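Per-entry structural report
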Amino acid sequence: MASAIPRRTGDIEQVEQLRLPGMAIAAAASLGAGAVLASTAGVHADHPALARIFIVVAAAQLAAGVLGLFRPSRIACWAIAVANAVAVGGWLLTRIRGIGWIDGLHVRESPQFADTAGASLGAVAFGAAAAAALIGWQHLTTRRTTGVALSALPALAIVALAVPAMLVGGTHVQSQGTPAGSTAGAAASANHDHGDAAATAAAAAAGGGTHVHDAGATADTSAGSGDTATTVDESQPHVHDASAAAAPAATADSTISATATDGTALRSWPRPWDPSQPIDVSGVAGVTQDEEARAAALIKGTLADLPKYTDPTTAVADGYSSIGDAATGSEHYIKSSLIQDGDMLDPAAPESLVYDVSGGQHTLVGAMYIVSSRPLDDPSLTSYAGALMTWHEHNNLCWGIGADGKPKVVGLTDANGNCSRGVKAGGDTPMVHVWISPRACGVFSALEGVGEGNAAVPEAQRTDTCAAVTTHDHGAATPAGSTVPAGTAPGTTAPAGTTATATAAAVPSLAYDPDKPIDLSGVAGVTPKQQAAAENLVAINVVRLPQWSDYKTAEAAGFHSIGDAATGYEHFINWDWINDKVWLDPDHPESLVFQRQADGSKKLVSAMYLLPDTVALTDVPDIGGALMQWHIHDNLCFTTDLVAPQVAGLTRADGSCTAGLRKFPASPMIHVWIVPNACGPFAALEGISAGQVAPGQTQHCDHVHGDGLLG
């Protein structure tokens, strides 16, 4: 408590008091800052966690201010200093880069009047309180006059700043701006004036800075324009065209379409993406103006910034390294240090680059943005672009260290989620693509098959895949519902009004060549997902299976020849691996196939994967659809050697073996060839070695991907 001793000198009464210099100003400023912050909490009701944070911090500022006014002490000083330091520090962080773990603050915001005034008062409170605490109690002499006390002026100034800020802050939502590091576009605020058009026009004519968003118009944001979207100043009046009425929730269909409340037809999503055309993410059900603006800004920023990595050597020089997946046709380069750096969706520093490696050339086709560890349904992700983006993760990859000391994908996990080689890592880091090349499944589409990863929503609700297509050409597929005339070049977008139905023959097929990116298109009835899964299976075998090229290495790992070299192909089987829980893993194959060479050597040509003998041929997994035909061998008789049984004959008419031989339970199996084969990459051997297929099937030869290779 301050003590006062009055003294009179002439007409002026002097009062000597014991004070904490600056305490009153600190307390008043803290009260003002807390009041401003509390006034803005209500407009963040769509982010409950953020609103609660605002309320807690504001309550701390108000309580510390009251304590400082009525119970001045050094403890009160430090309470004011701490409460306001937290508030000001949070404000600064949201204006510099955003706070990724708080829903509603994950994107950098532009300073506005209300928040800037509140932060300024907080800074004054912090400075004055810290100074008072450090200086301590002082004996001060002041003059008491009949005029206005000068000591009231700081309080009046605080009130003059706080009251207008409270009025503005209570009726205005903070702008969610462009992500940190983005070179394009700021997002509009959720606080929109839907006034009449006449008032808008009048304000514009008066130079009031009004801007109009028309959902029916598309901005000229084509690639290469060189323009940068103008940041919206949310302190100026602006309206959004009433035609962009609030959209209903997205349907459970993978192609989002609906009708607005005013009867306006909303447009489908995903849409074919062509970077040479204006960016158009408008009119999608359930997508807000802010989400739409952020999505467009991210696309434009990626188109502008990503081409600096057109040459992979430039990327490598900047710290990126390949994960070793070029055999799939798409090669990812990752800069691991960017994943945990706190930046999110920064076109200037993408965590991963995607190159197409067709034709022996590396062509930069997109970015793969990866965020730090968090759930796929974290609000910082789902609220960024809403239904326009489906974030996914890859939790089935096994990683090792390559010769360059960098992480490499070395395989996939087994049925139990375990790695037979390498370690499972990085599965909890969500990611999303942004393509700078044409993409018929959309600008944010995932790869297909194994490459599409896992999402938080059911398959039917994913907006980063094409649920159904009529043609397919490695991502340039025709979206669901589109039809193209027969003979149309693959990847061509169906023109409006086209009704002719496409056929599988419309997609040019390529013979299987393991020395080139795997392309198994052109088979009728095979979905894009089945094709992609089959291609990935072949590609990972082309990359990983050669570790067994020396049959002595295989023998050392437990493989034994079954003694069939006289057929021209010799099978080595690891009998202990047949009934385990590892399937279709080139690091853990049940059987290896070697072809005898003219000089007597053995050349590894294929894996022969066997499922457990408890799996019926009718219950094999549907991975590649019509591309993959499983078979069994139920007519072979083996020796009774417990370690290395060998084929010694065929079964009798009744299916039994002669004395001294035994028949093993039939295990479904399939080959994956890493050399050209006349009947494609999954072909069985011919003749007796072809085995038996499921009832009702005939032995399949995939001429589409085999003809002309063995001539």
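Check the entry above for the structure.
Bear in mind the structure is a predicted one, so any value in this text is a computation, not a measurement. (Residues numbered from 1 in each chain as written. Predicted model: local features only at pLDDT ≥ 70, side-chain atom pairs only at ≥ 80, totals over all residues. Heavy atoms only, no water.)

1. Here we look at the sheet that holds strand β21 (residues 647–650)
Taking strand neighbours across the sheet as the criterion, the three strands line up as β21-β20-β22 in an open arrangement whose pairing is antiparallel. Two strands lie at the open edges of the sheet, namely β21 and β22 (661–662), each paired on one side alone. Relative to β22, strand β20 (residues 636–639) runs antiparallel, the two sharing two bridges. Considered in β22, the bridge of Thr639 is made with Leu661. (Pairing = 2+ DSSP bridges. Helix = DSSP H or I, 4+ residues; strand = E, 2+ residues; numbered from the N terminus.)

2. Quick look at the nonpolar core
Counting 50 residues, the largest nonpolar core has Val538, Leu545, Trp548, Leu592, Leu627, Met628 and Phe682 as the members making the most contacts within it. Looking at which element gives the most residues to this core, the answer is strand β19 (residues 602–610), with six residues. Those residues in contact with Leu592, other than ones at most four positions away along the chain, are Leu545, Trp548, Ala554, Phe559, Glu570, His571, Phe572, Leu604 and Ser606. Counting 49 residues, the second largest nonpolar core, distinct from the first, contains Val281, Tyr333, Tyr384 and Met431. (Core = buried A, V, L, I, M, F, W, Y, C linked by side-chain atoms within 4.5 Å. Buried < 20%, exposed > 50% of the residue type's maximum accessible area, 1.4 Å probe, protein only. Contact = heavy atoms within 4.5 Å.)

3. Comments concerning the pattern of salt bridges
Enumeration over the complete set of coordinates arrives at six salt bridges. We note a salt bridge from Arg462 to Asp464, for which the minimum N-O separation is 2.8 Å. For Arg462, a relative accessible area of 2% corresponds to the buried category. In this structure, Glu570 engages Lys602 in a salt bridge whose closest nitrogen and oxygen atoms are separated by 3.7 Å. Of the two residues, Glu570 is situated in strand β17 (residues 569–573) and Lys602 in strand β19; the sequence distance between them amounts to 32 residues. The class for Glu570 is buried, based on a relative accessible area of 8%. (Salt bridge = Lys/Arg side-chain N within 4 Å of Asp/Glu carboxyl O.)

4. Points about empty space enclosed by the protein
Counted according to the given criterion, the structure contains two cavities of 30 Å³ or more. Size it by volume and the largest cavity reaches roughly 80 Å³. Taken together, Leu627, Met628, Gln629, His631, Cys679, Phe682, Ala683, Ala684, Gln699, His700 and Asp702 form the lining of the largest cavity. Residues belonging to the lining of the largest cavity are distributed by class as follows: six nonpolar, four polar and one charged. (1 Å grid on protein atoms, 1.4 Å probe; cavity = no way out; pocket = protein on both sides within 12 Å on 5 of 7 lines; lining within 4 Å. Points joined across faces, edges and corners; volume = space filled by probe spheres on them. Nonpolar A, V, L, I, M, F, W, Y, C, P; charged D, E, K, R; others polar.)

5. Overview of the pairing of β17
Among the five residues of β17, four are classified as buried, and the element is accordingly described as predominantly covered. Bridge count for β17 against strand β18 (residues 591–596) is five bridges, and the pairing is antiparallel. Opposite Phe572, over in β18, you have Leu592 as the bridge partner.

6. Some words on the pairing of strand β8 (residues 352–356)
With four of five residues buried, β8 is to be regarded as a mostly interior element. In terms of strand pairing, β8 meets strand β9 (residues 363–370) through five bridges, oriented antiparallel. Directly across from Ser352, in β9, lies its bridge partner Met368.

7. Focus on the packing of helix α1 (residues 23–41) against helix α4 (residues 113–135)
Between α1 and α4, the shortest axis-to-axis distance is 8 Å and the interhelical angle comes to 155 degrees. With respect to each other, α1 and α4 are oriented roughly antiparallel. The two elements α1 and α4 cross, and the hand of that crossing is left-handed. Residues Met23, Ile25, Ala26, Ala29, Ser30, Gly32, Ala33 and Val36 of α1 form the contact with α4, whose participating residues are Ala114, Gly118, Leu121, Gly122, Val124, Ala125, Ala128, Ala129 and Ala132. Partitioned by chemical class, the residues of the contact of α1 with α4 number 13 nonpolar, four polar and no charged. (Axes fitted to C-alpha atoms, helices over the stretch in contact; angles between N-to-C directions. Parallel < 35°, antiparallel > 145°, perpendicular 65-115°, else oblique. Left-handed = near helix turned anticlockwise from the far one by under 90°.)

8. Considering the sheet that holds strand β12 (residues 407–412)
The three strands lie next to each other as β12-β11-β13, forming an open sheet whose pairing is antiparallel. Edge positions in the sheet fall to β12 and β13 (423–424), since each has one partner strand and no second. Taken together, the two bridges between strand β11 (residues 397–401) and β13 define a ladder with antiparallel strand orientation. Pairing of Trp399 across the sheet is with Val423, part of β13.

9. Brief notes about the side chain of Ser372
Position of Ser372 among the secondary structure elements: in the loop between β9 and α9 (379–385). Polar contacts involving the side chain of Ser372 include one to the side chain of Arg374, which spans 2.8 Å. Apart from the residues within four sequence positions on either side, Ser372 is in contact with Ile339, Gln340 and Pro430. (Polar contact = N/O pair within 3.5 Å; in protein donor to acceptor, adjacent residues only side chain to side chain.)

10. Describing a nonpolar patch on the surface
On the surface, a cluster of nonpolar side chains totalling about 290 Å² of accessible area is made up of Val66, Leu69 and Phe70. By the element assignment, Phe70 lies in helix α2 (residues 48–70). Here Phe70 falls in the exposed class, since its relative accessible area comes to 56%. (Patch = residues over 30% accessible without salt bridge, like charges linked within 9 Å, V, L, I, M, F, W, Y side chains within 5 Å. Areas by Shrake-Rupley, 256 points an atom, 1.4 Å probe, with all protein chains shown as cover.)

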